[in-house]
Amino acid sequence: MRAPSSQLMCTPIIFVLSLCLAAAQNTTADLSGTVKDASGGTVPNAKLSLKNAGTGQSTDIQSDAKGNYRIGGLTPGEYEISASAEGFKPKTAKVQVGGTGSTGDIFLERST
């Protein structure tokens, strides 16, 4: 009788390890975009708050000098994003963050 090949014995172990690694990976996504005014001009240093609709967990950030923002490490799902800046009316909108990430510009209206 021939002894079993070490390659055949290792195959199930590698398969199980692969399954464990796949299960351990967290699926996270990013949300990015630009805060703009009604004419399409950028709004620098806007304050943004992102709230997960399912968990209530909230993240606060500020857009950069060009109005760009990026929030990483998000669990895909439904969120509520709020933006405000001096001289503008605050705005809140719902956004769906997908598994590969999402982009969304936010348009603020000037306050009177």
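What counts, and at which threshold
- Residues numbered from 1 in each chain as written.
- Predicted model: local features only at pLDDT ≥ 70, side-chain atom pairs only at ≥ 80, totals over all residues.
- Heavy atoms only, no water.
- Helix = DSSP H or I, 4+ residues; strand = E, 2+ residues; numbered from the N terminus.
- Buried < 20%, exposed > 50% of the residue type's maximum accessible area, 1.4 Å probe, protein only.
- Contact = heavy atoms within 4.5 Å.
- Core = buried A, V, L, I, M, F, W, Y, C linked by side-chain atoms within 4.5 Å.
- Salt bridge = Lys/Arg side-chain N within 4 Å of Asp/Glu carboxyl O.
- pLDDT = per-residue confidence, 0-100.

**As for the overall build of the protein chain**
For the protein chain, the helix and strand inventory stands at one helix and eight strands. If you list the helices and strands of the protein chain from N to C, you get α-β-β-β-β-β-β-β-β. Sorting the 112 residues of the protein chain into buried and exposed places 25% on the buried side. Long-range contacts, defined as pairs at least 24 residues apart, comprise 54% of the intrachain contacts of the protein chain with a sequence gap of at least 6.

**Looking at the nonpolar core**
Nonpolar side chains tend toward joint burial in soluble globular proteins. Grouped together as the largest cluster of nonpolar side chains are 19 residues, with contacts concentrated most on Leu31, Leu50, Ile81 and Leu108. Those elements giving two or more residues to this core turn out to be strand 1 (29-37), strand 2 (47-52), strand 4 (68-74), strand 5 (77-84), strand 6 (91-97) and strand 8 (106-108). The residues contacting Ile81, other than those within four sequence positions of it, are Leu31, Leu48, Ser49, Leu50, Tyr69, Lys91, Thr92, Ala93, Val95 and Ile106.

**What about the pattern of salt bridges?**
Counted by the stated rule, this structure contains five salt bridges. Across the salt bridge formed by Arg110 and Asp37, the nearest N and O atoms sit 3.9 Å from each other. You can see Arg110 sitting in the segment after strand 8 and its partner Asp37 sitting in strand 1, a full 73 residues away along the chain. Taking relative accessible area as the criterion, Arg110 reaches 52% and is therefore assigned exposed.

**With respect to the confidence of the model for the protein chain**
When pLDDT is averaged along the protein chain, the result is 84; 77% of the residues meet or exceed 70. With pLDDT under 50 throughout, residues 5-24 is counted as low confidence; its partners more than four residues away or in other chains account for one contact.

**Brief notes about the environment of Tyr79**
The residue Tyr79 is located in strand 5 in this model. When the C-alpha positions of Tyr79 and Gln96 are compared, they lie 6.2 Å apart, and in sequence the two are 17 residues distant. Once you skip the residues sitting within four places of it in the chain, Tyr79 turns out to touch Leu50, Lys51, Asn52, Ala53, Leu74, Ala93, Lys94, Val95 and Val97.

**A short note on the environment of Pro90**
With respect to the helices and strands, the residue Pro90 is situated in the loop between strand 5 and strand 6. Residues Pro90 and Phe107, 17 residues apart in the sequence, show an inter-C-alpha distance of 9.9 Å. Other than its neighbours up to four places away in sequence, Pro90 contacts Ala83 and Ser84.

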